[in-house]
Every structure is written in C-alpha cells, then in structure tokens.
Amino acid sequence: MTSRQPIDEPSLDPELVEVDMHLVPPTQPVTGIVTSNEICLRGKSASFVRHVCVDVSGTPLQGAFHAGQSFGIVPPGLTEHGKPHKVRLYSIASPTVGEDGEGRILSTTCKRLIDEHSPQASSEEATRGLHLGVCSNYVCDLAPGDEIRITGPAGKRFVLPKAPERHDFLFLATGTGIAPFRGMVKDLLEGPDGPCKSDIHLVMGAPYTSDLLYDGFFRETADRHPNFHYHTVISREFLPDGRPQGYIHHYLDREIRLHGDLLTRDRALVYICGLAGMQTGVFQAMAKLGIGGPYLKVHEELAGVAPEDWELADIKRRVRPTHRCMLEVY
Ligand code: FAD
Ligand code: NAP
C-alpha cells in the first residue's frame, strides 16, 4: 500500500500508483484456492453475479495486486477445436491489502454469461441455442477449497493516484464494472493511513434495483463517511415524476452538483468502468455541459460538431480521455 503524500499544491494530472504487471503470464498459470463464493446482488434477479474470493498465498500474486487491476483465470478443459481454453480477465474487487488485510486473498465479481443465439441465416444454424459462458460459469460454480488457475496482475492505468488527498473522485460503473470501485473505495476509506477526506462520488447503473451489487456495503459506507456519496441509476425503473431514470450519463445531466461542482474542480478525476459503449453518453454529456475540456481530447475535425451528433465511430477515433479520465470498458 502506498502511503499518502502531503497536500502542498493543487495537482491536475494525477501521478498513479506504480504497480506490478504480468508476474504470472497466461502461459504459466499458478494455483489459487477458492475461499468463498457468494451471490452479491441486492435481490432476486434474472442475473447471477457472485463475489468470489481466492487465496493466492505462496504465489507471485501474494501482496502484488492493486485495487483497479485485473487478474486472469484459465478455465479447465478444451475448446470445441481441442485447444486449451484461453485466459479470461476479471477485475479485482478487493482492496490492495486483499480481503484478509495481508494481500493473500483477492476477490472478483463474476457474472454468469448466459447467451441465446438466434441465427440470422441458415448457415448459422449450427450455433442455434444456449451458450453458457465457459469461464464465468466455471468460476460461479466453484466451491471453497477448489483449486483455480490464475495469472496476472494486469492493468496499470485504472488505479488510484499516489496522493488521493489531492483529488476528488467521480466513479462511474455499469453492472460488474462496479468491481474495481469496491476495492478503490475500501482503499480510500478503510486504508491503513485512515480515511481519505476527498469527495468521492460513485454512480452505479443497473437494470433493476435487485441487480445492484454490493449495495449494502456502499450504503453503509455512505452512512459512515459523509464525503462518500453513492448514487444509483436504475435504467428500467422510473423517477417519482414518471420519467425513466435512464443511464448514468442522464443522471450526470440531471445532477447539477456532479458537473456544476465536482467536475469543474481542478483536482477532480473521473473513472469509468463497465459496458463497452458507456463512455459515449458520458463523453457527450460532459462535452454538452461544457465541462469535458479537462477530461477529453477532442480532435479538431469533431470540434465543430455538436456533441449530441457525435457518432460512436467518431468518438472511438476522435475523442481520447486525458490523464484525468480513466477508462476501462470492453
Ligand atoms: P465465453 O464462453 O468466452 O463467451 C463469450 C462470448 O462468446 C459470448 O457472447 C458467447 O455467446 C460467445 N461464444 C463463445 N463461444 C461460443 C460458442 N461455442 N457458441 C456460441 N457462442 C459462443 N467479467 C465479469 O463477470 N466480472 C469482471 O470483473 C470482469 N472483469 C473484466 C476485466 C477486463 C479487463 C476484461 C477484458 C474482461 C472482464 N470481464 C469480467 C469479462 C470476462 O473476461 C469474460 O469475458 C466473461 O466472464 C465471459 O467469459 P466466458 O468464458 O464466460 O464466456
Ligand atoms: P448490465 O447489468 O447488463 O447493465 C448495467 C446497466 O448499464 C444497465 O442499467 C444497462 O441498461 C445500462 N446500459 C446499457 N447500455 C448502456 C450505455 N450505452 N451507457 C450506459 N449504460 C448502459 O451490465 P453487466 O451485464 O454487468 O455488464 C457489465 C459489463 O462490464 C460487461 O461487459 C463486463 O464484461 C464489463 N466489465 C468490465 C470490466 C473492466 O473492463 N475492468 C470489469 C468488470 C466488468 P439496460 O440493460 O436497461 O439497457
């Protein structure tokens, strides 16, 4: 765990914590032991998402992972082509000190992938039917005591700054994209240096209230720490006036204190994690509200186009997050 630096001057671009990467390569996984595997949804839901803890003691991963990084899991067995399954990445949901406080147990937030294929043409007939994601269902089925082949850690940009007191934070999550924020919020508020006093806003997008993840933890944390604010945006439920709640960028649009106050501060950092494409609405909302400058580099070809008219392809090619905007979507 990095110790906090004193606050001396305002800082714009963050200096991120330095992290180890690929201590265990995907070609040579090591063995971890599952210590627990529990549902972490708020209620009865059509989705299945589990908080899975893995003991990495005695492996190069012990004490070597940071909140915000990912690790790899290699599912057993062979593909339909007879080749070993490839590694899948999972965000670390534990704080940097691990679930146990000693860097021995890391965790993730695993959603069962359940997919139904509807062939568009007769040539696709072979793929008709149900596909149960190979790795996610293997992980969700594991029991305490089971062995699991793991790799990592991976990722060096989606981590906290070395001096979190110098910044305020806006965390934007959809679905299991909440995983790294559980670890980061724990690092910020429950770390060995005492609670960070910065403003921390977490906006979580889920289809239904029952799909909220770690909801009890975030609510209790908000009750205990007045500088931590937990906002939920439930896309398939409604506001009291009957309008749909929408997506997280609609919330950003509605909540003047997030863009009018937090995001206009020189010290604010934005972290975005979850569904590929979620950045489109967030980037458009920031640009439309006139507060995108510190977070987005917009190519001059797009500078004259109204943000509402930006196409996904334009955003992918011509809008880049700056050092104050961390993006982890796929
Ligand atoms: P797969 O079996 O690989 O299926 C994936 C897709 O391919 C599906 O859409 C499936 O329909 C299709 N497909 C594959 N094979 C077939 C077939 N034979 N027939 C028909 N369709 C097929 N996920 C989480 O749940 N939690 C996390 O914290 C998390 N963090 C991540 C972090 C990063 C940086 C990245 C890149 C990914 C993360 N993921 C996370 C996603 C995770 O890596 C896996 O992609 C996900 O769990 C699905 O893997 P799977 O093996 O279950 O699915
Ligand atoms: P989900 O529950 O299906 O969706 C979460 C919420 O996002 C829903 O309310 C959904 O609304 C909404 N949403 C859909 N499209 C959106 C958009 N364009 N902008 C904003 N919000 C949108 O999510 P999930 O199944 O858990 O999926 C989470 C994704 O994050 C997965 O793809 C997962 O692999 C990825 N993930 C990435 C990382 C990482 O990169 N480190 C870590 C963890 C997870 P509706 O359903 O009502 O449309």
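Here the focus is the site of ligand 1. Not every one of the 21 residues close to ligand 1 is listed here, only the nearest: Leu89, Tyr90, Asp115, Ser136 and Tyr330. For ligand 1, an oxygen atom lies 2.9 Å from a polar atom in the side chain of arginine 88. Between ligand 1 and serine 91 there is a distance of 3.0 Å, counted from a nitrogen atom to a backbone nitrogen or oxygen. Coverage of ligand 1 by the protein chains reaches 71% of its 960 Å² of free accessible surface. Secondary-structure elements contributing two or more residues to the shell around ligand 1 are strand S4 (88–91), strand S5 (105–111), strand S6 (114–117) and helix H1 (134–141). Residues belonging to the shell around ligand 1 are distributed by class as follows: seven nonpolar, nine polar and five charged.

Another aspect to go through is unusual backbone geometry. Following glycine 152, the chain continues to proline 153 via a peptide bond in cis, the omega torsion being -5°. In this fold, proline 153 is placed in strand S8 (residues 147–154). A positive phi angle, near 50°, is found at histidine 22, a position not held by glycine. Tracing the chain through its elements places histidine 22 in the segment before strand S1 (30–39). Judged by relative accessible area, histidine 22 falls into the partly exposed class, the value being 49%. At tyrosine 214, a residue that is not glycine, the phi angle is positive and equals roughly 55°.

Let us look at the sheet that holds S1. Pairing in this open sheet of six strands is antiparallel, and the strands run S4-S3-S8-S1-S2-S5 from one edge to the other. A single partner strand is all that each edge strand has here, and the edge strands are S4 and S5. Sheet twist, expressed as the mean angle between neighbouring strand axes with direction ignored, is 45°. Sheet topology places strand S2 (residues 49–55) next to S5; seven bridges connect them, and they run antiparallel. Bridge assignment links histidine 51 to a residue of S5, and that residue is threonine 109.

Another aspect to go through is the pattern of salt bridges. On inspection of all chains with the given rule, the structure shows 18 salt bridges. In this structure, arginine 42 engages aspartate 215 in a salt bridge whose closest nitrogen and oxygen atoms are separated by 2.8 Å. Placement of arginine 42 in the loop between S1 and S2 and of aspartate 215 in helix H3 (residues 215–224) is noted, with a sequence separation of 173 residues between them. Given the relative accessible area of 6%, aspartate 215 is considered buried. Linked by salt bridges that have partners in common, Asp168, Asp199, Asp261, Arg265 and Arg267 make up one network.

Turning our eyes to something else, we now look at the domain arrangement of the chain. According to the domain assignment, the chain contains domain 1 (30–154) and domain 2 (164–329). Computed from C-alpha coordinates alone, the two centres of domain 1 and domain 2 are separated by 25 Å. With 23 residues of domain 1 at the contact, the number on the domain 2 side is 17 residues. The contact between domain 1 and domain 2 buries some 1,500 Å² in all, and 54% of this surface belongs to carbon and sulfur atoms. Applying the counting rule to domain 1 against domain 2 returns two salt bridges.

What follows covers the site of ligand 2. Ligand 2 sits among 19 residues. The nearest are Lys111, Ser235, Arg236, Tyr247 and Tyr330. Separating an oxygen atom of ligand 2 from a backbone N or O atom of threonine 176 is a distance of 3.0 Å. A distance of 3.2 Å separates an oxygen atom of ligand 2 from a polar atom in the backbone of proline 207. Calculation on ligand 2 without its partners gives an accessible area of 940 Å², and the protein chains cover 78% of this total.

Another aspect to go through is the sheet that holds strand S12 (residues 268–274). Sheet architecture is open: five strands sit in the order S11-S10-S9-S12-S15, paired in parallel fashion. Pairing within the sheet leaves two strands with one partner each, and these edge strands are strand S11 (228–234) and strand S15 (325–329). Between one strand axis and the next, the sheet turns by 10° as a mean value, whatever way the strands run. Examined bridge by bridge, strand S9 (residues 168–174) and strand S10 (residues 200–206) share six bridges and lie parallel to one another. Within the sheet, the bridge partner assigned to alanine 173 lies in S10 and is methionine 204. The sheet strands contacting helix H2 (residues 179–190) are S9, S10, S11 and S12, and the helix crosses S9 at an angle near 155°. Contacts between helix H6 (residues 278–288) and the sheet are confined to S9, S12 and S15, with S12 contributing the most and set at about 150° to the helix.

With that out of the way, let us pick up the pairing of S1. Inspection of the sheet shows S1 paired to S8 by four bridges, in the antiparallel sense. What sits directly across from glycine 32, in S8, is isoleucine 148. The pairing of S1 with S2 spans six bridges and is classified as antiparallel. Bridging across to S2, isoleucine 33 finds its partner in aspartate 55.

Definitions and limits used
- Residues numbered from 1 in each chain as written.
- Chains lettered and ligands numbered in written order.
- Predicted model: local features only at pLDDT ≥ 70, side-chain atom pairs only at ≥ 80, totals over all residues.
- Heavy atoms only, no water.
- Near = heavy atom within 4 Å.
- Polar contact = N/O pair within 3.5 Å; in protein donor to acceptor, adjacent residues only side chain to side chain.
- Areas by Shrake-Rupley, 256 points an atom, 1.4 Å probe, with all protein chains shown as cover.
- Helix = DSSP H or I, 4+ residues; strand = E, 2+ residues; numbered from the N terminus.
- Nonpolar A, V, L, I, M, F, W, Y, C, P; charged D, E, K, R; others polar.
- Buried < 20%, exposed > 50% of the residue type's maximum accessible area, 1.4 Å probe, protein only.
- Pairing = 2+ DSSP bridges.
- Axes fitted to C-alpha atoms, helices over the stretch in contact; angles between N-to-C directions.
- Salt bridge = Lys/Arg side-chain N within 4 Å of Asp/Glu carboxyl O.
- Domains from an automatic or database assignment.
- Contact = heavy atoms within 4.5 Å.
- Buried area = accessible area lost by both parts, 1.4 Å probe.

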